[in-house]
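# Per-entry structural report
Chain by chain, the residues:
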Amino acid sequence: MAWVLKMDEVIESGLVHDFDASLSGIGQELGAGAYSMSDVLALPIFKQEDSSLPLDDETKHPPFQYVMCAATSPAVKLHDETLTYLNQGQSYEIRMLDNRKIGDVPEITGKLVKSIIRVVFHDRRLQYTEHQQLEGWKWNRPGDRLLDLDIPMSVGIIDTRTNPSQLNAVEFLWDPAKRTSAFIQVHCISTEFTPRKHGGEKGVPFRIQVDTFKQNENGEYTDHLHSASCQIKVFKPKGADRKQKTDREKMEKRTAHEKEKYQPSYDTTVLTECSPWPDTPTTYVNHSPSPAPTFSSQPQSTCSVPDSNSSSPNHQGDGVSQVSSEQLQPSATIQETQQWLLKNRFSSYTRLFSNFLGADLLKLTKEDLVQICGTADGIRLYHSLKSRSVRPRLTLYVCREQPVQQGQQQAAGGRGDSGSATPYVYHAIYLEEMVASEVARKLALVFNIPLHQINQVYRQGPTGIHILVSDQMVQNFQDESCFLFSTVKAENGGGVHIILK
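The protein has the name Upstream-binding protein 1 in an unreviewed UniProt entry, where Catagonus wagneri is given as its organism. Per UniProt, the protein carries the Sequence similarities (unreviewed entry) text "Belongs to the grh/CP2 family. CP2 subfamily."

## Quick notes on unusual backbone geometry
A negative phi angle is the norm for most residues apart from glycine, just as the trans form is the norm for most peptide bonds. Here the phi dihedral of His79 falls at roughly 70°; this positive angle occurs in a residue that is not glycine. Its location among the elements puts His79 in the loop between strand 1 (64–68) and strand 2 (83–87). For His79, a relative accessible area of 83% translates into the label exposed. If you check the backbone angles, Val105 has positive phi at about 45° while not being a glycine. Examined against the element boundaries, Val105 turns out to sit in the loop between strand 3 (91–98) and strand 4 (113–121).

## Regarding the sheet that holds strand 15 (residues 454–460)
Pairing within the open sheet is mixed, and its 6 strands lie in the order 14-13-17-18-15-16. Single-partner strands in this sheet number two, and they are strand 14 (427–431) and strand 16 (466–468). Neighbour to neighbour, the strand axes of the sheet diverge by 40° on average, direction disregarded. Taken together, the 5 bridges between strand 13 (residues 394–400) and strand 17 (residues 481–489) define a ladder with parallel strand orientation. From the neighbouring strand, Leu396 faces strand 17, where its bridge partner is Ser481. Taken strand by strand, helix 14 (residues 436–446) contacts strand 13, strand 14, strand 15 and strand 18 (496–500), and its axis lies near 145° from that of strand 14.

## Description of the side chain of Ser115
Take Ser115: it is sitting in strand 4. Owing to a relative accessible area of 0%, Ser115 belongs among the buried residues under this scheme. Side chain to side chain, Ser115 and Trp174 meet in a polar contact 2.7 Å long. Side chain to side chain, Ser115 and Thr212 meet in a polar contact 2.8 Å long. Beyond its immediate stretch of four places on either side in the chain, Ser115 contacts Met96, Val170, Glu171, Phe172, Trp174, Val210, Asp211 and Thr212.

## So, empty space enclosed by the protein
Tallied over the full model, the rule gives 2 cavities of 30 Å³ or more. What the largest cavity holds in volume is close to 50 Å³. Elements with a minimum of two residues in the lining of the largest cavity: strand 4 and helix 5 (130–140). Looking at the lining of the largest cavity, the element that brings in the most residues is strand 4, giving 3 residues. Residue composition of the lining of the largest cavity, grouped by class: 8 nonpolar, 1 polar and 1 charged.

## So, the side chain of Glu401
Here Glu401 shows up in the loop between strand 13 and helix 13 (406–411). Overall, Glu401 belongs to the buried group, its relative accessible area being 10%. Within the structure, the side chain of Glu401 is placed 2.8 Å from the side chain of Lys501, a separation counted as a polar contact.

## Digging into the nonpolar core
Counting residues in each nonpolar core, the largest one holds 40 residues, and the members touching the most others are Ile117, Ile184, Val186, Phe206 and Ile208. Beyond its immediate stretch of four places on either side in the chain, Ile208 contacts Ile94, Ile117, Arg118, Val119, Ile184, Val186, Ala228, Ser229, Cys230, Ile232 and Leu271. Formed by 24 residues, the second largest nonpolar core is a distinct cluster that contains Ala436, Val457, Phe477 and Leu500.

## Remarks on helix 9 (residues 334–343)
One turn of an α-helix holds 3.6 residues; hence residues three or four places apart share an orientation. Every buried residue of helix 9 is accounted for by Thr337, Gln338, Gln339, Trp340, Leu341 and Leu342. Directly beyond the C-terminal end of helix 9, a positive phi value near 65° is found at Arg345.

## Points about helix 6 (residues 239–253)
Between the first and last C-alpha of helix 6 there are 22 Å, a value that for 15 residues agrees with the 21 Å anticipated at 1.5 Å per step. Buried residues of helix 6: Gly239, Ala240, Gln244, Asp247 and Met251, and no others. Axial view of helix 6: buried residues confined to an arc of 135°, hence all on one face. Seen from the open side of helix 6, the exposed residues pointing more than 90 degrees away from its buried face are Arg242, Glu252 and Lys253. In the core, the buried residues of helix 6 are packed alongside strand 2, strand 10 (221–235) and helix 7 (256–259).

Procedures and definitions
- Residues numbered from 1 in each chain as written.
- Predicted model: local features only at pLDDT ≥ 70, side-chain atom pairs only at ≥ 80, totals over all residues.
- Heavy atoms only, no water.
- UniProt positions renumbered as here; feature names shortened; annotations may be inferred.
- Helix = DSSP H or I, 4+ residues; strand = E, 2+ residues; numbered from the N terminus.
- Buried < 20%, exposed > 50% of the residue type's maximum accessible area, 1.4 Å probe, protein only.
- Pairing = 2+ DSSP bridges.
- Axes fitted to C-alpha atoms, helices over the stretch in contact; angles between N-to-C directions.
- Contact = heavy atoms within 4.5 Å.
- Polar contact = N/O pair within 3.5 Å; in protein donor to acceptor, adjacent residues only side chain to side chain.
- 1 Å grid on protein atoms, 1.4 Å probe; cavity = no way out; pocket = protein on both sides within 12 Å on 5 of 7 lines; lining within 4 Å.
- Points joined across faces, edges and corners; volume = space filled by probe spheres on them.
- Nonpolar A, V, L, I, M, F, W, Y, C, P; charged D, E, K, R; others polar.
- Core = buried A, V, L, I, M, F, W, Y, C linked by side-chain atoms within 4.5 Å.
- Expected span 1.5 Å × (residues − 1).
- Arc of directions from axis to C-beta.

Here it is in structure tokens:
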């Protein structure tokens, strides 16, 4: 019996040895480290799964969260980015939420941060040509913006700013510790950037992106804190509601198995984290210690404004015309052209004509300006460029009577001509209001008489009588009438009377 057991042990040990020998080739083929667990875990597939499970020490917690109050589309497949439909020009709320844990980003506690909201292209192809695309849109819709803030509806935003050179961006300051909601309006529609062929083309998707910054040591909001974005499509008014309803009806017709491949529709859209927009402007900085500094994106105009006491908007009483300063000259530089546009209330088109010389602007026809600026502003700009100054309602020529030449002037009958070698110089008075007080004011300005010293203005009538100049008399003056005038002291000794002859 013992011998049998011994034989069994020998046989069993031999089988184990043979089996081990048969497996030895596998180890040689796969290499010495084929069964190393560390090598297996080093495979890319395991690395990817490992990286998707962050360690507690490396967990990233975004400081902010942005939620747009607009429903997502139900026709988006799982693992795809959400898509939200918006109506053109409708106000949509973006809630700016403080998502920090205790101790996170302590340097912004009790301080304001700056956020820039943009509408940008989703497609990479259009991103490369964004400047050309936006310039074309601006050409077709001058004076409009792609993105606006609905300030009356917004809550908690401070110092809102828009730059005429960036029609697709708005910025503002806000306090993370307070409730903040920014209401935005998108004015461009997705089909405006689709090549038009036969109609019915799908519109291009946009992105709403929010970039938030904190102040650096110089007080400038340039230190990036957080960025997030979402995908949108913009339709004409009420078009987004119809599209959402169509997608919902399509999903209801699908089977339960097919529905499992699609995301559910959510009432709000949560913006997902992304990289900051590359061309973040650094010129919009807060140099003022106050939380709401003023912002001017336009070049400062150095053009002088005519005095309200001047003879007319287009003329001065001393005969020097202001037409040269009112009209754009062909020799005007780019800067002078910009100043002219600002002075003549065309500030919304300064960016559009940013590279125009005076000669370039003057070459545009009426049809060109109407197409560029629209009917109302186009016609107004055309007349401002081409037409002459507005003719005053009444022009008078006035000469001051010299006491030493009084007899000669009376003999000349007020013709301004006499035997003296010294000519009589008349000054032009341009009237716009056609009232007696305007006559006194213009005479005081032209002949350097203090206005408060002029008591009355008379006109010499038949037999030398003095007739008080009234508003009705001024309105019945003939255009380009000539007058000599003299001054006499008032009876009470205070001031003077002016007599027109």
